[in-house]
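Structural description and commentary
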Amino acid sequence: MNNFINAQTKVEIQPKINLLGLSKNELSLSLNRLGVEKKELSMRVQQLFSWIHVHGKKSFDEMTNLSKEFRDQLSNSFSIYRPQTIDKQISKDGTRKYLFKSENFGEFETVFIPEDDRGTLCISSQIGCTLNCSFCYTGTQKLVRNLETYEIVGQITAVKDDLSDWVLKKNNSSKRAISNVVVMGMGEPLYNFENIKKSLNIIMNNEGLSISRKKITLSTSGVVPNIHRVSSEIGCLLAISLHGTTDEIRDKLVPINKKWNIQELINTLKNYPNLSNSERITFEYVMLRDINDSLDDAKRLVKLIKNIPAKINLIPFNPWPGSKYQTSEPATVEIFSNFIKKAGYSSPVRRPRGVDIMAACGQLKSNSVKIKSSQNKNN
C-alpha cells in the first residue's frame, strides 16, 4: 500500500540553477550550500567563473581542473544552459540577427554588428514591450515577460559561441569579436532594472567577460525614476530615446512621454551623476519625414539639451511591415545634422545595418505571446 502511494505521489523536481546568471558572490553562496568547504570556496568560485565567462565551457565535464566527483555534483544541481538559436540570419553587410529560445518560455532577438574598429552586440531586456512607440516594430508586440539575468548574459554567451570568441589560451591577447554591448534590443531595460543591473555587473566583471563599463550603453525611453540608478548602481553609459522636441509630437511617438514629459526628463538629465564630456549622454533621434525632421525641430533640440554634455545620434527610420512613417530625405537629415554640429554637438548619422534581414534599429520582434501562469507551470 505504501509503495502504491509513493508511486502515485507526484514528486516535484526542483529546476537547476543556471550559473550564467550568478554573480561571484551568489556563486559562492550556492557552492557553500552544495557543501564546498569554506577553505576551498574562493578557489572553486574562481575556477568556475573563469570556465564559464572566460573560456565559455558548455559542460561541467570540460572543466578539467575539477574532480570528477565535484563535476557530477555540479551537473546534478546547476546548469550552464545558454539560449538556443532558433534562427540566424546574416546580412549582406555582415550583421547577424539571432532568434533565441530560452529554457523558459518565449523567444527573443539579438543582433551582432561587426565594424572595423569594434564589434557591437545589441541585446534585449524583455520579450515584447509595453511602451508602444509608434515608429518601433517591437512596440507592436505586447509584453510577454522580462528576461531573466541568465538569459541576458546568455545572449552574449551564445553569440560568442557562434563567433568562436572565447579565450583559448591563458593570456590570449587576440582581438575580441564582441567589444561593445548596447542594451537597445527588445524591451525597456529600466522596466527590468534589477535583472539588467545584475547582468551588466556580471558582464563587466574583470575576471569574466570583462567588457568595460565605458563600452556598454543602456538606452531608455525615459523611465525617469530609474535613470539616476544607471549611474549609481551600474555605471555604464546612458542613451535616451528622445525622437521628439515637443510633448505633442513625443506623446505620439513615445507614449511614455505622457507619464514623464520632456521637461521632466530633461531636468532629470541635467542633474545626472558623473555627467562630463568623457561620459556624455547620447540622445537617439529617429528621423521621420515631415514629423520631427524640420530645422525648427533641430533648434528646439539644441535648446532642450543646453548645458548637458551630449551627442545626438540621428537614425534614419528603418521601415517595417505596416509602419506608417517614411524615412527623412538625405538633404533634410544633412541640414538637421549641420545645425546641431554648429551648436557644438557631435551629430553622427547612424548608417543602417542589417536592414535586409530586419535587424536594424526599431525592427526587432518575435512571435512569442504571453501565456497563462497555469500553462507556464506545465511547460
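As a starting point, this report considers the structure included with it. (Residues numbered from 1 in each chain as written. Predicted model: local features only at pLDDT ≥ 70, side-chain atom pairs only at ≥ 80, totals over all residues. Heavy atoms only, no water.)

Looking now at the pairing of strand β12 (residues 281-287). Across the 7 residues that make up β12, a large majority, 7, are buried. Here β12 shows two buried faces, one formed by I281, F283, Y285 and M287 and the other by T282, E284 and V286. The pairing of strand β11 (residues 237-241) with β12 spans 3 bridges and is parallel. In the sheet register, S241 faces β12, and the bridge partner there is E284. Of the strand pairs in this sheet, β12 and strand β13 (residues 310-316) are connected by 7 bridges, and their pairing is parallel. Bridge pairing in β13 links E284 to N313. Taking the sense of rotation as the criterion, the β-α-β connection linking β12, helix α10 (residues 295-304) and β13 turns out right-handed. (Buried < 20%, exposed > 50% of the residue type's maximum accessible area, 1.4 Å probe, protein only. Helix = DSSP H or I, 4+ residues; strand = E, 2+ residues; numbered from the N terminus. Pairing = 2+ DSSP bridges. Right-handed = clockwise from strand over helix to strand, strands pointing away.)

Tracing the sequence through the fold places E151 in helix α5 (residues 149-163). Residue class for E151 comes out buried when judged on its relative accessible area of 0%. Engagement of the side chain of E151 in a polar contact is seen with the side chain of S102, the distance being 2.6 Å. Here E151 is in contact with P83, S102, N104, F108, R145 and N146, once residues within four sequence places are set aside. (Polar contact = N/O pair within 3.5 Å; in protein donor to acceptor, adjacent residues only side chain to side chain. Contact = heavy atoms within 4.5 Å.)

So, about the packing of aromatic side chains. Aromatic rings in a pair are described by how distant their centres are and how their planes are angled relative to each other. Applying the stated criterion to the full structure yields 4 aromatic pairs. Residues Y98 and F100 carry aromatic rings whose centres are separated by 5.5 Å and whose planes lie at 10° to one another, so their mutual orientation is stacked. Of the two residues, Y98 and F100, both sit in the buried class. Seen from their ring centres, F100 and F108 are 6.1 Å apart, and the 55° between their planes marks the pair as tilted. There is no split in this pair, since F100 and F108 are both buried. Of the aromatic side chains, those joined through ring pairs into one cluster are Y98, F100 and F108. Note that K24 overlies the ring of F49, its terminal NZ or CZ placed 5.7 Å from the centroid. Between the NZ or CZ atom of K160 and the centre of the ring of W166, over which it lies, the distance is 5.0 Å. (Phe/Tyr/Trp six-rings, centres within 6.5 Å; stacked < 30°, edge-to-face > 60°. Lys NZ or Arg CZ within 6 Å of the ring centre and 35° of its normal.)

Let's shift gears to the nonpolar core. Counting 100 residues, the largest nonpolar core has L31, L48, F135, L200, L218, L269 and F283 as its most contacted members. Of all the elements, α5 adds the most residues to this core, at 7 residues. If sequence neighbours within four positions are ignored, F135 has contacts with H243, L253, V254, V286, L288, F317, W320 and Y325. (Core = buried A, V, L, I, M, F, W, Y, C linked by side-chain atoms within 4.5 Å.)

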